[in-house]
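# Analysis of the macromolecular model
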Amino acid sequence: KGDENIVPFSFEDEIKDLCKEEHCHCNESGIIKSALKHTINIFFFIILVTFIINIAVHFVGEENISKILMDKPIIGPIISALIGLIPNCAASVILTNMYLQKVISASSLIAGLLTGAGVGLAVLFKTNKGIKNNIKIVSLLYTIGVISGIILEIIYHIKNKIPVHFLSGRKGICLLMPKRQQF
(Lines give C-alpha, C1' and ligand atoms only; values in the text may rest on other atoms or scores of the structure.)
Protein backbone atom coordinates (compact mmCIF):
# COMPACT_ATOMS: atom_id res chain seq x y z
CA LYS A 1 0.00 0.00 0.00
CA GLY A 2 2.89 2.41 0.68
CA ASP A 3 4.63 1.63 -2.64
CA GLU A 4 3.10 4.57 -4.50
CA ASN A 5 5.55 6.97 -2.79
CA ILE A 6 8.63 4.99 -3.85
CA VAL A 7 10.48 6.47 -6.80
CA PRO A 8 12.14 3.78 -8.90
CA PHE A 9 15.94 4.09 -8.99
CA SER A 10 17.73 3.44 -12.22
CA PHE A 11 21.48 3.16 -12.65
CA GLU A 12 20.95 3.89 -16.32
CA ASP A 13 19.45 7.29 -15.48
CA GLU A 14 22.34 8.03 -13.10
CA ILE A 15 24.89 7.05 -15.75
CA LYS A 16 23.13 9.15 -18.38
CA ASP A 17 23.16 12.16 -16.02
CA LEU A 18 26.85 11.67 -15.29
CA CYS A 19 27.67 11.31 -18.99
CA LYS A 20 25.66 14.41 -19.80
CA GLU A 21 27.57 16.45 -17.20
CA GLU A 22 30.94 15.06 -18.33
CA HIS A 23 30.09 15.56 -22.04
CA CYS A 24 31.36 12.11 -22.93
CA HIS A 25 28.62 11.25 -25.48
CA CYS A 26 28.28 7.63 -24.34
CA ASN A 27 25.51 6.89 -26.83
CA GLU A 28 27.52 8.20 -29.77
CA SER A 29 31.05 6.93 -29.11
CA GLY A 30 30.44 3.65 -27.29
CA ILE A 31 30.93 2.49 -23.76
CA ILE A 32 34.67 1.73 -24.01
CA LYS A 33 35.60 5.18 -25.23
CA SER A 34 33.42 6.90 -22.63
CA ALA A 35 34.71 4.63 -19.82
CA LEU A 36 38.26 5.48 -20.87
CA LYS A 37 37.43 9.19 -20.82
CA HIS A 38 35.91 8.92 -17.33
CA THR A 39 38.94 6.95 -16.14
CA ILE A 40 41.37 9.54 -17.50
CA ASN A 41 39.41 12.39 -15.88
CA ILE A 42 39.43 10.67 -12.48
CA PHE A 43 43.11 9.73 -12.92
CA PHE A 44 44.13 13.36 -13.40
CA PHE A 45 41.97 14.41 -10.47
CA ILE A 46 43.73 11.80 -8.28
CA ILE A 47 47.16 12.94 -9.53
CA LEU A 48 46.30 16.54 -8.61
CA VAL A 49 45.13 15.59 -5.10
CA THR A 50 48.20 13.38 -4.58
CA PHE A 51 50.50 16.20 -5.66
CA ILE A 52 48.89 18.62 -3.20
CA ILE A 53 49.12 16.08 -0.35
CA ASN A 54 52.78 15.34 -1.06
CA ILE A 55 53.64 19.03 -1.04
CA ALA A 56 51.80 19.50 2.27
CA VAL A 57 53.54 16.51 3.89
CA HIS A 58 56.90 17.70 2.52
CA PHE A 59 56.56 21.19 4.01
CA VAL A 60 54.89 20.21 7.30
CA GLY A 61 56.90 17.01 7.67
CA GLU A 62 55.89 13.61 8.94
CA GLU A 63 57.95 14.22 12.10
CA ASN A 64 56.05 17.42 12.92
CA ILE A 65 52.77 15.62 12.35
CA SER A 66 53.87 12.86 14.72
CA LYS A 67 54.92 15.38 17.42
CA ILE A 68 51.39 16.75 17.47
CA LEU A 69 50.02 13.27 18.19
CA MET A 70 52.54 12.17 20.87
CA ASP A 71 51.22 11.71 24.40
CA LYS A 72 47.75 12.95 23.52
CA PRO A 73 45.45 9.96 24.04
CA ILE A 74 42.21 11.80 23.25
CA ILE A 75 43.49 14.29 20.70
CA GLY A 76 45.36 11.54 18.83
CA PRO A 77 42.19 9.91 17.43
CA ILE A 78 40.74 13.33 16.57
CA ILE A 79 43.76 14.34 14.50
CA SER A 80 44.35 10.84 13.09
CA ALA A 81 40.76 10.75 11.85
CA LEU A 82 41.37 14.06 10.07
CA ILE A 83 44.49 12.62 8.44
CA GLY A 84 42.42 9.60 7.41
CA LEU A 85 40.04 11.88 5.50
CA ILE A 86 42.80 12.81 3.06
CA PRO A 87 41.53 11.38 -0.24
CA ASN A 88 44.51 9.18 -0.97
CA CYS A 89 46.15 5.99 0.25
CA ALA A 90 49.10 8.11 1.45
CA ALA A 91 47.11 8.89 4.60
CA SER A 92 46.92 5.18 5.47
CA VAL A 93 50.63 4.76 4.82
CA ILE A 94 51.50 7.78 7.00
CA LEU A 95 49.28 6.55 9.85
CA THR A 96 50.61 2.98 9.64
CA ASN A 97 54.23 4.17 9.63
CA MET A 98 53.58 6.39 12.64
CA TYR A 99 52.00 3.43 14.46
CA LEU A 100 54.90 1.12 13.61
CA GLN A 101 57.33 3.77 14.88
CA LYS A 102 55.25 3.94 18.11
CA VAL A 103 54.34 7.57 17.51
CA ILE A 104 50.58 7.03 17.66
CA SER A 105 48.51 4.49 19.54
CA ALA A 106 46.55 1.64 18.01
CA SER A 107 43.32 3.51 18.76
CA SER A 108 44.57 6.57 16.85
CA LEU A 109 45.54 4.31 13.96
CA ILE A 110 42.09 2.73 13.93
CA ALA A 111 40.40 6.15 14.05
CA GLY A 112 42.42 7.27 11.02
CA LEU A 113 41.89 4.07 9.07
CA LEU A 114 38.16 4.06 9.77
CA THR A 115 37.79 7.47 8.18
CA GLY A 116 40.05 6.60 5.26
CA ALA A 117 38.02 6.02 2.15
CA GLY A 118 40.90 6.27 -0.28
CA VAL A 119 39.89 8.33 -3.26
CA GLY A 120 36.27 7.49 -2.59
CA LEU A 121 35.60 10.86 -0.95
CA ALA A 122 37.20 12.74 -3.84
CA VAL A 123 35.04 10.81 -6.29
CA LEU A 124 31.98 11.41 -4.09
CA PHE A 125 32.49 15.18 -4.19
CA LYS A 126 33.26 15.11 -7.91
CA THR A 127 30.25 13.05 -8.96
CA ASN A 128 27.60 13.83 -6.34
CA LYS A 129 26.40 17.40 -6.68
CA GLY A 130 24.46 17.33 -3.38
CA ILE A 131 27.08 19.11 -1.28
CA LYS A 132 24.95 18.94 1.89
CA ASN A 133 24.64 15.17 1.57
CA ASN A 134 28.37 14.88 0.93
CA ILE A 135 29.15 16.89 4.07
CA LYS A 136 26.74 14.71 6.07
CA ILE A 137 28.48 11.56 4.81
CA VAL A 138 31.95 12.90 5.64
CA SER A 139 30.77 14.15 9.05
CA LEU A 140 29.28 10.77 9.89
CA LEU A 141 32.42 8.99 8.73
CA TYR A 142 34.62 11.32 10.80
CA THR A 143 32.42 11.08 13.89
CA ILE A 144 32.38 7.27 13.81
CA GLY A 145 36.16 7.17 13.44
CA VAL A 146 36.81 9.62 16.28
CA ILE A 147 34.33 8.05 18.69
CA SER A 148 35.69 4.56 17.95
CA GLY A 149 39.26 5.74 18.52
CA ILE A 150 38.41 7.52 21.77
CA ILE A 151 36.45 4.54 23.11
CA LEU A 152 39.33 2.19 22.31
CA GLU A 153 41.79 4.61 23.93
CA ILE A 154 39.69 4.82 27.10
CA ILE A 155 39.33 1.03 27.23
CA TYR A 156 43.09 0.64 26.88
CA HIS A 157 43.74 3.18 29.64
CA ILE A 158 41.20 1.60 31.99
CA LYS A 159 42.57 -1.88 31.36
CA ASN A 160 46.13 -0.73 32.06
CA LYS A 161 45.11 1.65 34.90
CA ILE A 162 46.58 4.66 33.14
CA PRO A 163 44.95 8.07 33.62
CA VAL A 164 43.39 9.53 30.49
CA HIS A 165 44.15 13.21 29.98
CA PHE A 166 41.95 15.17 27.62
CA LEU A 167 44.42 17.74 26.30
CA SER A 168 47.95 16.41 26.51
CA GLY A 169 50.11 14.22 28.66
CA ARG A 170 50.01 15.19 32.32
CA LYS A 171 49.12 18.81 31.62
CA GLY A 172 45.58 18.17 30.46
CA ILE A 173 42.29 17.59 32.21
CA CYS A 174 42.25 14.11 33.72
CA LEU A 175 39.17 12.13 32.72
CA LEU A 176 39.95 8.89 34.54
CA MET A 177 42.25 8.63 37.51
CA PRO A 178 42.99 5.29 39.17
CA LYS A 179 43.02 5.53 42.97
CA ARG A 180 46.60 4.23 43.34
CA GLN A 181 48.27 6.76 41.06
CA GLN A 182 48.49 10.41 41.87
CA PHE A 183 49.82 13.02 39.46
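Attention in this report is confined to the structure presented alongside it.

### So, the overall build of the protein
- What the protein contains, in helices and strands, is nine helices and two strands.
- In sequence order, the secondary structure elements of the protein are arranged as α-α-α-α-α-α-α-α-α-β-β.
- Of all 183 residues assigned to the protein, the portion counted as buried reaches 27%.
- Residue pairs at least 24 apart in sequence account for 55% of intrachain contacts in the protein once pairs closer than 6 positions are excluded.
- In the form shown here, the protein has an accessible surface area of approximately 12,600 Å², with 67% of it arising from carbon and sulfur atoms.

### A word on the packing of helix H5 (residues 75-84) against helix H6 (residues 90-100)
- Their axes nearest at 8 Å, the elements H5 and H6 cross at an angle of 145°. Taking contact as the criterion, the partners of Ser80, Ile83 and Gly84 in H5 are, on H6, Ala91, Leu95 and Met98.
- Its residues placed into classes, the contact of H5 with H6 shows four nonpolar, two polar and no charged.

### Overview of helix H8 (residues 120-127)
- Listed in full, the buried residues belonging to H8 are Leu121, Ala122 and Leu124. Projection of H8 onto a plane perpendicular to its axis shows the buried side chains occupying an angular sector of 160°, all on one side.

### Quick word on the environment of Phe125
- With respect to the helices and strands, Phe125 occurs in helix H8.
- For Phe125, a relative accessible area of 35% gives the class partly exposed.
- The spacing of Phe125 and Ile135 is ten residues in sequence and 9.1 Å in space, taken between C-alpha atoms.
- Every residue in contact with Phe125, bar those within four places of it in the chain, is listed here: Ile131, Asn134, Ile135 and Val138.

### Quick word on H6
- Among all positions in H6, only Ala91, Ile94, Leu95 and Met98 are buried. Seen from one end, H6 has its buried residues packed into an arc of 95°, which puts them on one side.
- Taken from the residues just after H6, Lys102 is the one with a positive phi, measuring 60°.

### As for a nonpolar patch on the surface
- A cluster of nonpolar residues, Ile110, Leu114, Ile147, Ile151, Leu152 and Ile155, forms a patch on the protein surface that exposes about 490 Å² of accessible area.
- Only helix H7 (106-115) and helix H9 (131-159) provide two or more residues apiece to the nonpolar patch.
- If one sorts the elements of the nonpolar patch by residue count, H9 sits on top with four residues.
- Checked against the element boundaries, Ile110 lands in helix H7.

### Some remarks on the nonpolar core
- Within the largest apolar cluster, eight residues are counted, these being Ile83, Ala91, Ile94, Leu95, Met98, Val103, Ile104 and Leu109.
- Examining the composition of this core, we find that four residues originate from one element, H6, more than from any other.
- Residues within four places of Leu95 in sequence aside, it is in contact with Ser80, Ile83, Gly84, Ile104, Leu109, Gly112 and Leu113.
- Core analysis: the next-biggest nonpolar cluster, separate from the first, contains five residues, Ile74, Ala81, Ala111 and Ile150 among them.

What counts, and at which threshold
- Residues numbered from 1 in each chain as written.
- Predicted model: local features only at pLDDT ≥ 70, side-chain atom pairs only at ≥ 80, totals over all residues.
- Heavy atoms only, no water.
- Helix = DSSP H or I, 4+ residues; strand = E, 2+ residues; numbered from the N terminus.
- Buried < 20%, exposed > 50% of the residue type's maximum accessible area, 1.4 Å probe, protein only.
- Contact = heavy atoms within 4.5 Å.
- Areas by Shrake-Rupley, 256 points an atom, 1.4 Å probe, with all protein chains shown as cover.
- Axes fitted to C-alpha atoms, helices over the stretch in contact; angles between N-to-C directions.
- Nonpolar A, V, L, I, M, F, W, Y, C, P; charged D, E, K, R; others polar.
- Arc of directions from axis to C-beta.
- Patch = residues over 30% accessible without salt bridge, like charges linked within 9 Å, V, L, I, M, F, W, Y side chains within 5 Å.
- Salt bridge = Lys/Arg side-chain N within 4 Å of Asp/Glu carboxyl O.
- Core = buried A, V, L, I, M, F, W, Y, C linked by side-chain atoms within 4.5 Å.

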